[in-house]
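Chains, contacts and geometry: an overview
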Amino acid sequence: MEVEFSKEDFFLPDVKYEYLDHTADVQLHAWGESLKEAFEQCGTAMFGYMTELEYVSVQTCYQIEAQGDDVEGLLFHFLDELLFLFSAEPFLICRRLEITKFDLETFEIECRCYGEPFDLEKHPQGTEVKAITYSAMQVIQEPEKNNFEVFVIIDI
C-alpha cells in the first residue's frame, strides 16, 4: 500500500501500556482516551515486547483488517493479524499503528501498520510471541470516566 508519511510517523506515540507478570506468559495492559486508542496501544505493546521500538524506523505501511463476533473477539483477531504480519512475509515490526476503521456494531477494524521488516542486525531481539490468548482477557469501557482499558495475555 502506497502511503505518504508524515512527520509524526517517525516519532514514537505516547506510551500508554505496561507489561504485567503472569505465570509463564506476559499480560499486556493498555489504555487510552478511547477504546480505539487502547487497541492501538495494545498492539504497540506487543511489538514493544518483541524488540525495542526506538530502533524501528518507518519504511513501509501495511494495512490489515480484522473482524470479531464481539469486542473481545475483535481484540483477539486484531492482535492475531498483527502477529501474523510479524511472523510471515514481510516480517513487519511496527513502530506505530493507526486504526482507520473501528466499528463496534459490525466488529470490524482496519489498521495502518507503520514499520519495517525485522532485522536481527538492527533490532534487539526481545521475546518471541507465540500466540494471542483469550485467557483472562478484559475490555473495560467507562466512557463517563474517559477510561478505556484492555488486558490480554500473550503466549511467549
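The preceding data block contains the structure.
Owing to the predicted nature of the structure, the values given are computational and were not obtained by experimental measurement.

1. A word on the pattern of salt bridges
Per the stated rule, a full pass over the model turns up 5 salt bridges. Ionic pairing is found between E37 and K16, a salt bridge with its closest N-O pair at 2.7 Å. Taken together, the residues span a long stretch of sequence, with E37 in helix 1 (residues 35–50) and K16 in the segment before strand 1 (17–22) at a distance of 21 residues. For K16, a relative accessible area of 17% translates into the label buried.

2. Side note on the nonpolar core
By size, the foremost hydrophobic cluster in this structure holds 42 residues, and its most contacted members are F39, F47, F78, L82, C113 and V150. Among the secondary structure elements, those contributing two or more residues to this core are strand 2 (25–32), helix 1, strand 3 (60–67), helix 2 (71–87), strand 4 (92–103), strand 5 (108–117) and strand 8 (147–155). Sort the elements by how many residues they give to this core and helix 2 lands first, with 10 residues. The residues contacting V150, other than those within four sequence positions of it, are L28, H29, A30, L35, A38, F39, C42, L75, Q138 and V139.

3. Focus on the side chain of Q27
Along the chain, Q27 turns up in strand 2. Once residues lying within four places of it in the same chain are set aside, the contact partners of Q27 are E18, Y19, L20, H22, A136, F151, V152 and I153.

4. Points about the sheet that holds strand 3
Spatially, the 3 strands line up as an open sheet ordered 3-5-4, and their pairing is antiparallel. Whereas interior strands pair on both sides, the edge strands pair on one side only; in this sheet they are strand 3 and strand 4. Taken over all neighbouring pairs, the strand axes of this sheet differ in orientation by 25° on average, direction set aside. Most of the contacts of helix 2 go to strand 3, to which it runs at about 145°, and overall it touches strand 3, strand 4 and strand 5.

How each quantity is defined
- Residues numbered from 1 in each chain as written.
- Predicted model: local features only at pLDDT ≥ 70, side-chain atom pairs only at ≥ 80, totals over all residues.
- Heavy atoms only, no water.
- Salt bridge = Lys/Arg side-chain N within 4 Å of Asp/Glu carboxyl O.
- Helix = DSSP H or I, 4+ residues; strand = E, 2+ residues; numbered from the N terminus.
- Buried < 20%, exposed > 50% of the residue type's maximum accessible area, 1.4 Å probe, protein only.
- Core = buried A, V, L, I, M, F, W, Y, C linked by side-chain atoms within 4.5 Å.
- Contact = heavy atoms within 4.5 Å.
- Pairing = 2+ DSSP bridges.
- Axes fitted to C-alpha atoms, helices over the stretch in contact; angles between N-to-C directions.

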